[in-house]
Amino acid sequence: MKTPFKSIQQVLRLNRFVVLALIIMTGLVCIISVTLVIKIHKEGMDKAFVVSSTGAVIPLQLASQRENLEVEALAHLEQFHTWFYGVEANSYEKNMKKALWLGNASVDSVYRQKKADGFYNRLLQYSLIQQVERIDSQIDMTQKPYAFQTRTVIRINRGTVTDTYELITTGKLFQVARHFPNNPHGLLITDFFENSLRKIEDYETTEE
C-alpha cells in the first residue's frame, strides 16, 4: 500500500508555521535578554564593589560614595587653602610646593602673579606671619567638574597689630588619579580665581 504524499500547500504551511514560531521565540529571547541587561546595568549603577582583606566582594552604594567624595573635596580645599595662604618664613616654600600639587596651571598663575607683585617678599622681609583662621567651602556636587566657592579668613600678624581679612575664591574640582602623598584625594583645582578680599573689623565678635 502506497504512503499518501502531503500536498505542497500543507508542507509550505507547516514550514511557514515553524519559521514564524522560531522568529517569535527568537524575538522573545532577545527582548528578555535586553530587559535583563538593562536591569543588571541599573542595579550595577547603584552599587560599587570592593574586595575586602578576606577576599569577599562587598557592595557599596554610590550615594555613599558621593558623600565620601564630598568629604574628600572639602578636605582637599581646606588643605589647599591652608598651605597656599598660610605664609611664614620657616615653612613657606615647602607648603607652597605642596599646594601647587593640588591645582593646575590656574593655581600656579595666581601664585606667580602674587610673587611678581612682591607679596611674599614683603611678608618675609618684615617677618610677617599670615595665618589661616577659618575655611568654609560650598561645592556643587550635582555635575562634573564640581564648582566650588571658598571663604577663607586670614590673619596677618604685624607684631603688635593683627589684621584680619576675608578672601573669597572660586574654581572647579576635577577627579584625577590619586597620588600619595602629593594628591591623596585624587582631585585637581582648576579655573582658580581670587574673587574678593576685604578687611574684617572685630572678627571675634562677628563670628559669634
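Residues numbered from 1 in each chain as written. Predicted model: local features only at pLDDT ≥ 70, side-chain atom pairs only at ≥ 80, totals over all residues. Heavy atoms only, no water.

Some thoughts on the nonpolar core
Then step 1. Ranked by size, the top nonpolar core spans 30 residues in total, and within it Phe 80, Phe 84, Tyr 120, Leu 173, Ile 189 and Phe 192 carry the most contacts.
Then step 2. Put simply, the parts of the chain that give this core at least two residues each are α2 (62-85), α3 (92-100), α4 (105-116), α5 (119-125), β4 (146-157), β5 (162-175) and β6 (187-200).
Then step 3. The element contributing the most residues to this core is α2, with seven residues. (Core = buried A, V, L, I, M, F, W, Y, C linked by side-chain atoms within 4.5 Å. Buried < 20%, exposed > 50% of the residue type's maximum accessible area, 1.4 Å probe, protein only. Helix = DSSP H or I, 4+ residues; strand = E, 2+ residues; numbered from the N terminus.)

Focus on a nonpolar patch on the surface
Then step 1. Together, Val 19, Leu 20, Ile 23, Ile 24, Leu 28, Ile 31, Ile 32, Leu 36 and Ile 40 make up an exposed nonpolar region whose accessible area comes to about 890 Å².
Then step 2. Summarising the element assignment, Leu 36 is placed in helix α1 (residues 8-45). (Patch = residues over 30% accessible without salt bridge, like charges linked within 9 Å, V, L, I, M, F, W, Y side chains within 5 Å. Areas by Shrake-Rupley, 256 points an atom, 1.4 Å probe, with all protein chains shown as cover. Salt bridge = Lys/Arg side-chain N within 4 Å of Asp/Glu carboxyl O.)

Thoughts on unusual backbone geometry
Then step 1. Backbone torsion omega between Lys 144 and Pro 145 reads -10 degrees, so that peptide bond is classified as cis.
Then step 2. Its location among the elements puts Pro 145 in the loop between β3 (129-139) and β4.
Then step 3. For the bond from Phe 180 to Pro 181, the omega torsion is 5 degrees, close enough to zero to count as cis.
Then step 4. Positionally, Pro 181 belongs in the loop between β5 and β6.
Then step 5. Positive phi values are uncommon outside glycine, yet Ser 127 reaches one of about 55 degrees.

Let's talk about the pattern of salt bridges
Then step 1. Applying the stated criterion across every chain yields a total of nine salt bridges.
Then step 2. In this structure, Lys 199 engages Asp 163 in a salt bridge whose closest nitrogen and oxygen atoms are separated by 3.4 Å. Separated by 36 residues along the polypeptide, Lys 199 in strand β6 and Asp 163 in strand β5 bring together distant segments of the chain.
Then step 3. Residue Lys 199 is classed as partly exposed on the basis of its relative accessible area of 43%.
Then step 4. Judged by relative accessible area, Asp 163 falls into the buried class, the value being 11%.
Then step 5. Through salt bridges with shared partners, one network takes in Arg 134, Asp 136, Arg 151, Glu 166 and Arg 198.

Side note on the side chain of Thr 152
Then step 1. By the element assignment, Thr 152 lies in strand β4.
Then step 2. Thr 152 has contacts with His 81, Val 132, Arg 134, Ile 135, Tyr 165, Glu 166 and Leu 167, leaving out every residue within four places of it along the chain. (Contact = heavy atoms within 4.5 Å.)

Overview of the packing of aromatic side chains
Then step 1. Going through the model one piece at a time under the given rule, you end up with seven aromatic pairs.
Then step 2. Where Phe 80 meets Phe 192, the ring centres are 5.2 Å apart and the plane angle is 85 degrees; that geometry is what we call edge-to-face. You can see Phe 80 sitting in helix α2 and its partner Phe 192 sitting in strand β6, a full 112 residues away along the chain. Each member of the pair Phe 80 and Phe 192 is classed as buried.
Then step 3. The rings of Phe 80, Phe 84, Tyr 85 and Phe 192 are connected pair by pair, giving a single aromatic cluster.
Then step 4. If you follow Lys 114 out to its NZ or CZ, it ends over the ring of Phe 119, 4.4 Å from the centre. (Phe/Tyr/Trp six-rings, centres within 6.5 Å; stacked < 30°, edge-to-face > 60°. Lys NZ or Arg CZ within 6 Å of the ring centre and 35° of its normal.)

Spatial relationships are all this shows, so hold off on functional conclusions.
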